[in-house]
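Here are the chains, one letter per residue:
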Amino acid sequence: MKTLGVLTSGGDAPGTNACIRAVVRTALSRDMNVVGIRRGYAGLMEGEVKPMHGHFVGGISHRGGTILQTARTEEFKTGAGQEQGLRSLKKHRIDVLVIIGGDGSLKGALRLHEQGFPVAGVPATIDNDVPFTDMALGVDTAMNTALRAIDKIKDTATSHRRAFLVETMGRDSGYLALMVGMAGAAEAIVIPEAPSSCEQILELMKEAYGKGKAHFIVVIAEGAEPDCRTIDRYLTERGKELGFGVRVSILGYIQRGGSPTAFDRLLGTRLGVAAVEQLVRGNYGKMVGLFGSEIVATDLEKVVKGKKEVDLTLYELAQMLEVYPPA
Ligand code: ADP
Ligand code: F6P
C-alpha cells in the first residue's frame, strides 16, 4: 500500500481546504495511506507528519485558510534543505506527494521531482501568476472579497465626493487589481504590466470631477509603479488646490481569508482529484490546471519556466470605460 503525503505552501488561498479534502478522499478511495504535512516545506524538513483519515477532512470545504497550515522558508531553496526534505519523506515512508501552493512552492515541487521524488502540483495563490492554468485556487474568492470592499468604499467616497486609492495584493502581478478594478468600475487602474504616472492619474481625476463624478476610485496593484503611497502624496498635494480629499485603503490580508466561493470549492475539488489521479497513473512531475472548462496536466518544468501574462486588451478596455460622464 502506497503512502501519499499532502502539504500546503506559500501564501494561503481560499479553496485549499476543499482541495485537501479531495486529495485525501481520492487517495483513500485508491487504497492509499494518506499523511498530512504541516507548515509546508518547513514542516516537511522538520518531520511534522500526521496520518489523515477520511473524517479529518469532513466539514472543512467552506473554511478559508488551510487546515495543514502553511509557511515560507528560505532553507528549502537550498540543496541542503531539499536533502533534509527528501530524508524526511523517506523516514515517514511517503511514496508520492501533492504540493498545493503558488509559483514558489511549485518550484520547490520541481526540485523534488528532479531529484527523483514523485510529486504533483496544484496552483493555489490569490495572485493568479502561475502559468498553464486560467485560474489558480483562491483567485475567485479574493476577487469577490476585494470587490465587496470596493463597493463599500464607493459608498463613502460618493458621500464625501472623495478620491480613494485602493491597493490590492498580487505581488508582481496586476491581475487582481485589473479584474477587481474592472468589476468595480474604477475610474483608474494601476498595474505593473502597463505604464502609468501620477500626472496621468491627476488628469483623470480632474476629468472625473469636471464631469460631475461624485467619486474617483483608483485600484492600484501592490507591485505597481508608481505605488499607492507615491500616488497618494502626489494627489493629496495637488488635490488640495483642486479641493478634493484623497484617502487610501490598503485591502491587505482580508483578500487572502474568508470562506471560498462556489467556484474555488469546485476548482479545489477538481484539482485535488486530478492531482491524485496523475500520481496513481504514474504521471509524475505535473501541475494540474484549468484550461477553459477542462483540467489539464502540464510538466512542472514548463510551468516553472513559463510566465503568466496579464491580458492587456482587458486593461485597454477598462481604460476606455473609465471616466465617463454620469447620465
Ligand atoms: P508561493 O508558493 O505562494 O509563490 P513563495 O514564493 O514564498 O510562495 O514560495 C513558498 C516556498 O516555496 C518558499 O518559502 C520556499 O520554501 C519554496 N520555494 C520557493 N522558491 C523555491 C525554489 N526556487 N526552490 C525550492 N523551493 C522554493
Ligand atoms: O502570494 C500571495 C500574497 O498574498 C501576495 O499577494 C503578497 O505580496 C504576499 O503573499 C504577502 O506575503 P506574506 O504573507 O508573506 O506577507
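Conventions adopted
- Residues numbered from 1 in each chain as written.
- Chains lettered and ligands numbered in written order.
- Predicted model: local features only at pLDDT ≥ 70, side-chain atom pairs only at ≥ 80, totals over all residues.
- Heavy atoms only, no water.
- Helix = DSSP H or I, 4+ residues; strand = E, 2+ residues; numbered from the N terminus.
- Rg over C-alpha atoms; globule rule 2.2 N^0.38 Å.
- Areas by Shrake-Rupley, 256 points an atom, 1.4 Å probe, with all protein chains shown as cover.
- Lys, Arg positive; Asp, Glu negative; His and termini not counted.
- Charge placed at Lys NZ, Arg CZ, Asp CG, Glu CD.
- Core = buried A, V, L, I, M, F, W, Y, C linked by side-chain atoms within 4.5 Å.
- Buried < 20%, exposed > 50% of the residue type's maximum accessible area, 1.4 Å probe, protein only.
- Domains from an automatic or database assignment.
- Contact = heavy atoms within 4.5 Å.
- pLDDT = per-residue confidence, 0-100.
- 1 Å grid on protein atoms, 1.4 Å probe; cavity = no way out; pocket = protein on both sides within 12 Å on 5 of 7 lines; lining within 4 Å.
- Points joined across faces, edges and corners; volume = space filled by probe spheres on them.
- Nonpolar A, V, L, I, M, F, W, Y, C, P; charged D, E, K, R; others polar.
- Near = heavy atom within 4 Å.
- Polar contact = N/O pair within 3.5 Å; in protein donor to acceptor, adjacent residues only side chain to side chain.
- Sits in = over half its atoms within 2 Å of the grid points.
- Expected span 1.5 Å × (residues − 1).
- Arc of directions from axis to C-beta.
- Phe/Tyr/Trp six-rings, centres within 6.5 Å; stacked < 30°, edge-to-face > 60°.
- Lys NZ or Arg CZ within 6 Å of the ring centre and 35° of its normal.
- Axes fitted to C-alpha atoms, helices over the stretch in contact; angles between N-to-C directions.
- Left-handed = near helix turned anticlockwise from the far one by under 90°.
- Buried area = accessible area lost by both parts, 1.4 Å probe.
- Salt bridge = Lys/Arg side-chain N within 4 Å of Asp/Glu carboxyl O.

Colleague: Just checking my understanding: could you explain the overall build of the protein for this structure?
Modeller: On a plain count of helices and strands, the protein comes out with eleven helices and eleven strands. For the protein, the C-alpha radius of gyration of 22 Å lies close to 20 Å, the compact-globule estimate for 327 residues. Counting only C-alpha atoms, the protein reaches 70 × 35 × 30 Å along its principal axes. Accessible surface, the protein: about 14,200 Å² in total, of which carbon and sulfur atoms supply 51%. Of the charged side chains in the protein, 39 are positive and 38 negative, and the gap between their average positions amounts to 7 Å.

Colleague: So what exactly am I meant to see when it comes to the nonpolar core here?
Modeller: Most often, soluble globular proteins keep nonpolar side chains buried together rather than apart. Among the nonpolar cores identified, the biggest contains 80 residues, and Leu-4, Val-98, Val-122, Ile-191, Phe-216, Ile-217 and Leu-235 are the most heavily contacted of them. Residue contributions to this core peak at eight residues, all from helix H5 (residues 139-160). When residues are assigned to domains, this core turns out to be shared by domain 1 (3-138 + 260-305) and domain 2 (140-256), each giving three or more. Other than its neighbours up to four places away in sequence, Phe-216 contacts Arg-162, Ala-163, Phe-164, Glu-187, Ala-188, Ile-201, Leu-204, Met-205, Ala-208 and Tyr-209. Formed by 23 residues, the second largest nonpolar core is a distinct cluster that contains Leu-7, Val-35, Ala-109 and Leu-110.

Colleague: Would you explain the confidence of the model for the protein in this entry?
Modeller: Caution applies to low-pLDDT regions: their predicted coordinates should not be interpreted in detail. Averaged over the protein, the pLDDT score is 96; the fraction of residues at 70 or greater is 98%. Ranking the helices and strands of the protein by mean pLDDT puts strand S5 (residues 119-123) first, with 99, and helix H8 (residues 228-242) last, with 89.

Colleague: What is the right way to read empty space enclosed by the protein from this model?
Modeller: A probe as big as a water molecule, rolled over the atoms, marks out the empty space that is left. In this structure the tally under the stated criterion is one cavity of 30 Å³ or more. Forming the boundary of the largest cavity are Thr-8, Ser-9, Gly-10, Gly-11, Asp-12, Ala-13, Thr-16, Thr-66, Thr-70, Ile-100, Gly-101 and Ala-124. If you list the elements that add at least two residues to the lining of the largest cavity, you get strand S1 (3-9) and strand S4 (96-101). Its residues placed into classes, the lining of the largest cavity shows three nonpolar, eight polar and one charged.

Colleague: Would you mind showing me how to read the site of ligand 1 here?
Modeller: Around ligand 1, the surrounding shell holds 17 residues, and the nearest of these are Arg-72, Thr-73, Gly-102, Asp-103 and Ser-105. Separating an oxygen atom of ligand 1 from a backbone N or O atom of Gly-104 is a distance of 3.1 Å. For ligand 1, the accessible surface in isolation is 550 Å², of which the surrounding protein chains cover 89%. Counting atoms within 2 Å of the grid points, the majority share of ligand 1 lands in the largest pocket. It is helix H4 (residues 103-114) that contributes the most residues to the shell around ligand 1, six residues altogether. Of the residues belonging to the shell around ligand 1, the class tally is two nonpolar, nine polar and six charged.

Colleague: When you look at helix H3 (residues 79-91) in this model, what are you seeing that I'm missing?
Modeller: In an α-helix there are 3.6 residues to a turn, and that puts residues three or four apart on one side. Along its 13 residues, H3 runs 18 Å from first to last C-alpha, staying within 8% of the 18 Å computed at 1.5 Å per residue. Buried within H3 we find Gly-81, Gln-82, Gly-85, Leu-86, Ser-88 and Leu-89. Along the long axis of H3, the arc covered by the buried residues comes to 160°, so they all point the same way. Looking at H3, the residues exposed on the side facing more than 90 degrees away from the buried face are Ala-80, Arg-87, Lys-90 and Lys-91. The elements touched by buried residues of H3 are helix H2 (40-46), S4 and H4.

Colleague: How should the packing of aromatic side chains be read in this particular structure?
Modeller: By convention here, two paired aromatic rings are described through the distance between centres and the angle between planes. Per the counting criterion, the structure on display carries one aromatic pair. Taking 4.0 Å as the distance between ring centres and 0° as the angle between the ring planes, the aromatic pair formed by Tyr-41 and Phe-76 counts as stacked. In this pair, Tyr-41 is assigned in helix H2 and Phe-76 in the loop between strand S3 (49-51) and H3, connecting sequence segments 35 residues apart. Judged by relative accessible area, which is 3%, Phe-76 ranks as buried. Arg-238 extends its terminal NZ or CZ atom over the ring of Tyr-234, reaching a point 3.9 Å from the ring centre.

Colleague: Explain the packing of helix H1 (residues 16-29) against helix H9 (residues 262-280) here, please?
Modeller: Axes are the key here: two packed helices are described by the angle between their axes and the distance separating the axes. Between H1 and H9, whose axes approach to 7 Å, the crossing angle comes to 35°. Taken as a pair, H1 and H9 cross one another with a handedness that is right-handed. Listed contacts from H9 to Ala-18, Cys-19, Ala-22, Val-23, Thr-26 and Ala-27 of H1 are Arg-265, Gly-268, Thr-269, Gly-272, Val-273, Val-276 and Glu-277. Its residues assigned to classes, the contact of H1 with H9 comprises seven nonpolar, four polar and two charged.

Colleague: Would you mind showing me how to read unusual backbone geometry here?
Modeller: Residues other than glycine predominantly adopt negative phi, and peptide bonds predominantly adopt the trans conformation. Residue Pro-226 is reached from Glu-225 by a cis peptide bond, and omega for that bond is 0°. With respect to the secondary-structure elements, Pro-226 resides in the loop between strand S8 (216-221) and H8. The phi dihedral of Asp-31 is positive, around 60°, even though this residue is not glycine. Tracing the sequence through the fold places Asp-31 in the loop between H1 and strand S2 (33-37). The exposure class assigned to Asp-31 is exposed, which follows from its relative accessible area of 55%.

Colleague: Hey, could you run me through the domain arrangement of the protein in this one?
Modeller: Note: interface size is frequently given as the accessible area lost on complex formation between the parts. In terms of domain boundaries, the protein breaks down into domain 1 (3-138 + 260-305) and domain 2 (140-256). Between domain 1 and domain 2, the C-alpha centre-to-centre distance is 34 Å. A buried area of about 1,200 Å², summed over both sides, lies between domain 1 and domain 2, and 51% of it is on carbon and sulfur atoms. When the shortest N-O distance is used, the salt bridge between Arg-256 and Asp-12 registers 2.8 Å.

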